[in-house]
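A structural walkthrough
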Amino acid sequence: MAAVAQEILIEYIKENQDKLYKIAYTYTKDKDLSLDVVQESITKALEHIGSLKHEEYVKTWFYRILINESIKSSRKNKKLEEYELLDNVATDKKYDEELIESIDIYKNIQKLNEKLKTVIILRFFENLKIEEIAYITKTNVSTVKSRLYKGMEELKKSLERSDCI
Amino acid sequence: MSIFEKAKMAYDSIEVPRELEDTVNRTILDSNVVQKRNAVKQNRVIKSNKVFKNATRTNRPLIVFRSFALALIATFALFVVLLNTNESFAKAMQDIPAIAGIAKVFTVREYKEENETDLIDVKVPAIQNTGNSDLENRINYEISSKINDVIEEARTRAEEYKNAVLATGGTMDDYIPTRINIDYKITYQDDNFISFVITKSESQASAYQEQYFYNIDIQNGKELNLKDVLGADYKQIVDESVEKQINERMESNSNNMYFTKEEGGFSGIENEYQDFYINENNKAVIVFQKYEVAPGYMGIQNFEIPNELII
């Protein structure tokens, strides 16, 4: 079983590496830190894959590790409050009005607290089911729902605030 | 369009760095290597245990003799298993016929410990059969006290991390025990010189991998530094060679990245006590720890210096 799970995991990581990087980036806001998070998560996952009982959970299980590592790294490196996201966006898109608005919202999502941010990333960026998010965050369906709602409220508030300025 | 759909556009446009793919592949490769190594290590322990059991059964009547025989058999078993499993050790033995008889670096202590905070797996090496007991005592004492300190520090860190997890609302389920591993590798040995590397790794953070280097001149009873092996011009020799190799590596593969001088990258070694070991080609290999000269994903960096050693 362990060998099969390991293969599934490696294949999943290789195919979804861009995604993994983007998730880490949403927490760390830094290229090198995100690479470190991806690296650390892979190492940890491969080391502990033997303890995973059901191979159908490989994907959600890995999300859990990645998010824990991302949170750990962002707590350790709080300094990067202000940074230029545009620097990390492909050049041909830099002057797109719609994208500039999008970046504004995205930055405000990054500022949300860890719990709210996590459910928003998983639900809206990664299109996961509520049940899967509950598994990843070790909570239950109703907690996930209430965090999504609260996240939405806080995001709206912070967007209004930044509009005023 | 909801605000989240709007935000996803920015999320999707985050530029993924070129080196990601290389980092991912390398990490997967490294982890697999590590797992295989662990498997071999477990095998080795099981094998020597078997020898112990048999020995106990057959040597029952003569107690004194038994313990002597046990020690002999144990040494022999370890030796044989080392020869079979540790490629570089076996290679080193083959390549240097002069020492075919006597090995000088042994495992004197090996232990494993498992509790809810950490999983410890330690092999403590010691030098023996050098004919210089003062040297042996000094070096062996240094190694064993260093290893004790290192384990103590790692334990403290594991404990702190566990407390941090619990304090931030996590449970013991969220805490993965820290794996502390200490192992060593003989990189070179002949009648006059021994070179070996002790590696400590902690799983909670790969940044905590550390290496300690021992290059010993048996005849003169001292530890060698770079000046001893490369001569008075050691600094110029090393600086030029390392710089050249960094440039070559960056040119040969665009994923290879090193810090620039401004970013705190390589700007020449400080003195003759820079970390190095002697490899099987009888060349000095300069070692920089993770993050020292390159980003974390590049790992530990080794540079073989082509000059002949003057020892």
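Residues numbered from 1 in each chain as written. Chains lettered and ligands numbered in written order. Predicted model: local features only at pLDDT ≥ 70, side-chain atom pairs only at ≥ 80, totals over all residues.

Observations concerning the overall build of chain A
What counts is decided by this rule: Runs of H or I in DSSP of at least four residues are treated as helices and runs of E of at least two as strands, each being numbered from the N terminus. The exposure label follows from counting other C-beta atoms within 10 Å of a residue's C-beta, where the C-beta atoms are placed from the backbone and the thresholds are 20 or more for buried and 12 or fewer for exposed, leaving partly exposed in between. Two residues qualify as being in contact provided that their C-beta atoms, derived from the backbone, are within 7 Å of each other.
Secondary structure assignment for chain A yields 8 helices and 0 strands. Taken from the N to the C terminus, the helices and strands of chain A come in the order α-α-α-α-α-α-α-α. By the burial criterion, 39% of the 165 residues in chain A qualify as buried. For chain A, long-range pairs separated by at least 24 residues make up 68% of all intrachain contacts whose partners lie at least 6 apart in sequence.

A few points about the overall build of chain B
Across its full length, chain B carries 7 helices and 9 strands. Buried residues in chain B amount to 24% of all 311 residues.

Re the interface of chain B and chain A
The line we're drawing: Residue type decides the class: Asp, Glu, Lys and Arg count as charged, Ala, Val, Leu, Ile, Met, Phe, Trp, Tyr, Cys and Pro as nonpolar, and the leftover types, Gly among them, as polar.
In this assembly, 27 residues from chain B lie in contact with 38 residues from chain A. When contributions to the side of chain B that touches chain A are tallied by element, the ones reaching two or more residues are helix H1 (3-13) and helix H2 (19-58) of chain B. The element contributing the most residues to the side of chain B that touches chain A is H1 of chain B, with 9 residues. Of the residues that constitute the side of chain B that touches chain A, the class distribution is 15 nonpolar, 7 polar and 5 charged.

Here's the deal with the pairing of strand S8 (residues 284-288) of chain B
Residues and elements named next belong to chain B. We count it as follows: Two strands are said to pair when DSSP picks up at least two bridges between them.
Burial of the side chains of S8 is restricted to one face: Ala284, Ile286 and Phe288 are buried, whereas none of Val285 and Val287 on the reverse face is. The antiparallel hairpin formed by strand S7 (residues 276-278) and S8 contains 5 residues in its connecting segment, where asparagine 282 sits at a positive phi of about 60°. Pairing geometry for S8 and strand S9 (residues 301-304), over 4 bridges, is antiparallel. Pairing of valine 287 across the sheet is with asparagine 302, part of S9.

Remarks on the environment of lysine 117 of chain A
Residue and element names in this part refer to chain A. By the secondary structure assignment, lysine 117 is in helix H6 (residues 114-125). A tally of 23 C-beta atoms within 10 Å means that lysine 117 is categorised as buried. Distance in space between the C-alpha atoms of lysine 117 and tyrosine 27 is 8.6 Å, their sequence separation being 90 residues.

Considerations on the nonpolar core
Applied cut-off: By convention in this section, buried Ala, Val, Leu, Ile, Met, Phe, Trp, Tyr and Cys residues joined through C-beta atoms within 7 Å make up a nonpolar core.
By size, the foremost hydrophobic cluster in this structure holds 51 residues, and its most contacted members are Leu9, Ala24 and Val38 of chain A. Looking at this core, the element that brings in the most residues is helix H3 (residues 31-48) of chain A, giving 7 residues. Ignoring any residue separated from it by four or fewer positions in sequence, one finds leucine 9 of chain A in contact with Ala45, Leu46, Ile49, Val58 and Phe62 of chain A. Judged by nonpolar contacts, the second largest core, of 32 residues, contains Ile139, Ile198, Tyr234 and Ile278 of chain B.

Section: the environment of lysine 290 of chain B
Locating lysine 290 of chain B in the fold gives a position in the loop between S8 and S9. Put simply, lysine 290 of chain B and isoleucine 300 of chain B are 10 residues apart on the chain and 4.5 Å apart in space, counted from C-alpha to C-alpha.

Regarding the sheet that holds S9 of chain B
Residues and elements named next belong to chain B. Our working rule: All axes are obtained by fitting lines to C-alpha atoms, using only the stretch in contact for helices, and the reported angles, taken between N-to-C directions, cover 0 to 180 degrees.
Pairing is antiparallel across the open sheet formed by 3 strands, whose spatial order is S7-S8-S9. The open sheet is flanked by S7 and S9, the only strands paired with a single partner. Within the sheet, the average angular offset between the axes of one strand and its neighbour, ignoring direction, is 25°. Bridge count for S7 against S8 is 3 bridges, and the pairing is antiparallel. Across the sheet, residue isoleucine 278 finds its bridge partner in S8, namely alanine 284.

Considering helix H2 (residues 17-28) of chain A
Residue and element names in this part refer to chain A. Basically, it comes down to this: In this scheme, a helix's expected span is set at 1.5 Å multiplied by one less than its residue total.
Across its 12 residues, H2 extends 16 Å between first and last C-alpha, which sits within 8% of the 16 Å expected from 1.5 Å per residue. Across the 12 residues of H2, 9 count as buried, placing the element largely inside the fold. By the burial criterion, the buried members of H2 are Leu20, Tyr21, Lys22, Ile23, Ala24, Tyr25, Thr26, Tyr27 and Thr28. Two residues or fewer after H2 comes lysine 29, characterised by a positive phi angle close to 60°.

Side note on the sheet that holds strand S6 (residues 222-223) of chain B
Residues and elements named next belong to chain B. The strand order across the open sheet formed by 6 strands is S1-S2-S3-S4-S5-S6, and the pairing between neighbours is mixed. Unpaired on one side and paired on the other, strand S1 (105-114) and S6 mark the two borders of the sheet. As judged from the 5 bridges shared by strand S2 (residues 118-127) and strand S3 (residues 178-189), these two strands associate in the parallel manner. Along S3, the bridge assignment pairs leucine 119 with arginine 179. Those strands touched by helix H5 (residues 133-167) are S2, S3, strand S4 (193-202) and strand S5 (210-217), and its axis lies near 170° from that of S2.

A closer look at the packing of helix H5 (residues 97-111) of chain A against H1 of chain B
Our working rule: Our angle categories are set so that under 35 degrees counts as roughly parallel, over 145 as roughly antiparallel, 65 to 115 as roughly perpendicular, and the remainder as oblique.
The N-to-C vectors of H5 of chain A and H1 of chain B enclose an angle of 95°; their axes lie 7 Å apart at closest approach. Here H5 of chain A is positioned roughly perpendicular relative to H1 of chain B, judged by the angle of their axes. Taking contact as the criterion, the partners of Glu98, Leu99, Glu101, Ser102, Ile103, Ile105, Tyr106 and Ile109 of chain A in H5 of chain A are, on H1 of chain B, Ile3, Lys6, Ala7, Met9, Ala10, Tyr11 and Ser13 of chain B. The residue makeup of the contact of H5 of chain A with H1 of chain B, split by class, is 10 nonpolar, 2 polar and 3 charged.

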